[in-house]
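Fold and contact review
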Amino acid sequence: MHVKGKNYRAIRADKKNKSVRIINQLKIPFEFEIIEINSYSELVNAIKDMRLRGAPLIGVAGAYAVWLACVEAIDNKNPQKFLKDAFKNIITARPTAVNLKFATCYIYNKVLIEKNFSNWENVAYKFANEYYENEIDSFRKIGEYGLEIIKQIAKQKKGKVVNILTHCNAGWLACGDYGTATSPIYLAHQNGIKVHVWVDETRPRFQGAKLTAWEMYNEKVPFTVITDNTGGHIMQQGLVDIVIVGADRVAANGDVANKIGTYLKALAAFDNKLPFYVALPVSTIDFNLKQGVGEIVIEKRSTDEVVIIDGISNKEKIQQINLMPKNYNSENYAFDVTPNRLITGIITEKGVVKANFKEIIKLKSNMYGR
Ligand code: MRU
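Below or above, wherever it landed, is the structure these notes cover. Throughout this description, residue numbers start from 1 for each chain and increase along the sequence as written. Residue-level local features of this predicted model are given only where pLDDT is at least 70; pairs of side-chain atoms are given and counted only at 80 or more, and the full residue set underlies all totals for whole chains, interfaces and linings. To get the side-chain values, all heavy atoms of the structure are used, and hydrogens and water are removed first.

Here we take up the overall build of the protein chain. For the protein chain, the helix and strand inventory stands at 11 helices and 18 strands. On the principal axes, the C-alpha backbone points of the protein chain span a range of 65 × 55 × 45 Å. Buried residues in the protein chain amount to 57% of all 370 residues. The Shrake-Rupley method, run with a 1.4 Å probe sphere, supplies the accessible areas, and residue values consider only the shown protein chains as cover. Roughly 16500 Å² of accessible area belongs to the protein chain as shown, and the carbon and sulfur atoms make up 50% of that amount. Elements are defined by DSSP. Helices are runs of H or I of four residues or more, strands are runs of E of two residues or more, and each kind is numbered from the N terminus. Relative accessibility thresholds used throughout: buried, under 20% of the residue-type maximum; exposed, over 50%; partly exposed, between the two (1.4 Å probe, protein chains only).

Once that is clear, we can look at the sheet that holds strand E13 (residues 285-286). Think of a sheet as strands paired side by side through backbone hydrogen bonds, with each pair either parallel or antiparallel. Two strands pair if DSSP finds at least two bridges between them. Across the sheet, four strands lie side by side as E13-E10-E11-E16; this open sheet has mixed pairing. Lying at the two open borders of the sheet, with one neighbouring strand each, are E13 and strand E16 (335-338). Note: strand E11 (residues 256-259) against E16, four bridges, orientation antiparallel. Across the sheet, residue Lys259 finds its bridge partner in E16, namely Phe335.

What follows is about a nonpolar patch on the surface. In this scheme, patches are assembled from residues that exceed 30% relative accessible area and form no salt bridge. Like charges are connected within 9 Å, while nonpolar side chains (Val, Leu, Ile, Met, Phe, Trp, Tyr) are connected within 5 Å. By definition here, a salt bridge exists when the distance from a side-chain nitrogen of Lys or Arg to a carboxyl oxygen of Asp or Glu is within 4 Å. A cluster of nonpolar side chains, contributed by Tyr263, Leu264 and Leu267, occupies part of the molecular surface with about 260 Å² of accessible area. Along the polypeptide, Leu267 turns up in helix H9 (residues 262-271).

Turning our attention to the environment of Asn17. Mapped onto the elements, Asn17 comes out in the loop between strand E3 (11-14) and strand E4 (19-23). Look at Asn17 and you get partly exposed, because its relative accessible area is 42%. As a C-alpha pair, Asn17 and Glu36 span 19 residues in sequence and 9.8 Å in three-dimensional space. Under this definition, polar contacts are N or O atom pairs within 3.5 Å; protein pairs additionally need one hydrogen-donor-capable and one acceptor-capable atom, and for neighbouring residues in sequence, both atoms have to be side-chain atoms. There is a polar contact of 2.9 Å between the side chain of Asn17 and the side chain of Asp14.

Note on definitions. A residue lies near a molecule or strand when any single heavy atom of the residue is within 4 Å of it. Residues in close proximity to the ligand total 18 residues, the closest being Arg53, Arg94, Asp248, Asn258 and Lys259. In this structure, an oxygen atom belonging to the ligand sits 2.8 Å away from a side-chain N or O atom of Arg94. Gln207 is positioned such that a nitrogen or oxygen atom in its side chain is 2.8 Å from an oxygen atom of the ligand. Considered on its own, the ligand offers 400 Å² of accessible surface; in the complex 100% of this is hidden by protein. Grid points spaced at 1 Å and placed over the protein atoms alone form the basis of the search, with a cavity being a set where a 1.4 Å probe fits but cannot get out and a pocket an open set showing protein on both sides within 12 Å along at least five of seven lines. Lining residues have an atom within 4 Å of a point. Cavity and pocket membership follows a simple rule, namely that a molecule belongs there if more than half of its atoms are within 2 Å of the grid points. Here the ligand occupies the largest cavity. Of all the secondary-structure elements, those providing two or more residues to the shell around the ligand are helix H2 (55-73) and E11. Its residues assigned to classes, the shell around the ligand shows eight nonpolar, six polar and four charged. Residues are sorted three ways: Asp, Glu, Lys and Arg are charged, Ala, Val, Leu, Ile, Met, Phe, Trp, Tyr, Cys and Pro are nonpolar, and all the rest, Gly among them, are polar.

Attention shifts here to the pattern of salt bridges. Any two side chains of opposite charge can pair, on the condition that their charged atoms come close. With the rule as written, the count across this model stands at 24 salt bridges. Measuring nitrogen to oxygen at the nearest pair gives 3.3 Å for the salt bridge that ties Asp14 to Arg21. For Asp137, the salt bridge identified is with Arg140, shortest N-O distance 2.6 Å. Placement of both Asp137 and Arg140 in helix H5 (residues 117-156) is noted, with a separation of three residues, approximately one turn of the helix.

This next bit is on the layout of surface pockets. Empty space among the atoms can be located by rolling a probe the size of a water molecule over them. Taken as a whole, the largest pocket encloses approximately 400 Å³ of empty space. Residue lining of the largest pocket: 18 residues in total, with Leu26, Arg205, Lys210, Glu305 and Asp310 positioned closest to the centre. Of all the secondary structure elements, the ones that give two or more residues to the lining of the largest pocket are helix H7 (207-219), helix H10 (304-307) and strand E14 (308-312). Grid points are joined across faces, edges and corners, and a volume is the space filled by probe spheres set on the points.

The nonpolar core is taken to be a set of buried Ala, Val, Leu, Ile, Met, Phe, Trp, Tyr and Cys residues, with the residues joined through side-chain atoms within 4.5 Å. Within the largest apolar cluster, 86 residues are counted, with the highest numbers of intra-cluster contacts made by Ile11 and Trp172. Take this core: its biggest share by element is 16 residues, from H5. Here a residue-residue contact requires only that any non-hydrogen atoms of the pair lie within 4.5 Å. In contact with Ile11, other than residues within four places in its own chain, are Val20, Arg21, Ile22, Leu52, Leu57, Val60, Ala61, Tyr64 and Tyr132. Of all hydrophobic cores here, the second largest spans 28 residues; its members include Ile234, Ala247, Leu342 and Leu363.

Moving on to the sheet that holds strand E17 (residues 345-348). The seven strands lie next to each other as E8-E7-E6-E9-E12-E17-E18, forming an open sheet whose pairing is mixed. Only two strands of the sheet have a single neighbouring strand rather than two, namely strand E8 (223-226) and strand E18 (351-353). Mean inter-strand twist for the sheet, computed between neighbouring axes without regard to direction, equals 25°. Sheet topology places strand E6 (residues 162-166) next to strand E7 (residues 195-200); five bridges connect them, and they run parallel. Axis geometry follows a simple rule: fit a line to the C-alpha atoms, using only the stretch in contact for helices, then measure angles between N-to-C directions, giving values from 0 to 180 degrees.

To continue, consider the environment of Thr182. Within the fold, Thr182 resides in helix H6 (residues 182-190). Between the alpha carbons of Thr182 and Glu215 there is a distance of 9.3 Å; along the sequence they are 33 residues apart. Apart from the residues within four sequence positions on either side, Thr182 is in contact with Ala170, Gly171, Trp172, Glu215 and Met216.

Inspection of every chain in the model, using the stated rule, returns three cavities of 30 Å³ or more. Taken as a whole, the largest cavity encloses approximately 220 Å³ of empty space. Mapped by element, the contributors of at least two residues to the lining of the largest cavity are H2 and E11. The element contributing the most residues to the lining of the largest cavity is H2, with three residues. Looking at the lining of the largest cavity residue by residue, the class counts come to 15 nonpolar, nine polar and five charged.

Below is the structure:
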């Protein structure tokens, strides 16, 4: 997707330099910084401190982290142990996005089949790249399926603007290219359908205000940033036609874990009889998990994220301020789970399905050995 008219992806591997380049998401929208990462542990740190984030992108990063670990393992006295330890560190970098576990295991298992250490690096690189390209293809297809839904609404509205509400950042930054929730939006915009996006700011880290809004701005899609509490009101006022969000983990029954606050939007959409769609690649589905509500362990992050916010000063410098005295009690749940009954449909690369066990399980295939 575009940044000042130039095409980028959120992560790229450089085979020659044995490194991975990522866009530093902590600095957007104020600075556009590309960081070069040369070791698996540095990539793990980037996932932990969220320089790189978003469920599908974390999966791709996990795949490339295995590649970097293979590069490093060759010079280690005990390559098997080094790789095994690296695998454990990568897989535990963040707990909710199932893509991380899935992609990391996939590449690691491919490497383990190869008995000759000197080939590990090539095997990991080949499969990590293949995984990434398949994911990108999935995001494009999600866009095509989602476009049909937006087209129908545009038809019902006789060509008037389609108002779409989204939460957090399920855009190309969170995926590599296109995005999940944003892919149908970009495609609709490119196809001349009038769209306008309500962007939830998404406390505590503001992925909506900082990342989604920046993406929309760069792609010239009309958008408005709103505070997280606004959704219900604008739905009641008839200012929203459809809600599309992404997901971090989907259970086999269609319950969806996504950024904290998603559940409230689903409740408001349900009460206002508005379609509520979740867009995701099949790599986000945890087929082994029977239900999401009560079963998905929710990541709790540092309360600093609640207390301290950053922005740009009058002198154009990124700076941090405390919103409240540091000794106040606060809590930071990163995700919530939306029960399947509130979800109109799940948009995947294999088509749009209902959020129930029967439909979700049909999406299971032998792809990546699952
Ligand atoms: O904590 P984050 O920013 O990594 O959260 C993940 C997300 O970006 C969202 O929950 C998103 O909607 C799903 S990822 C496409």
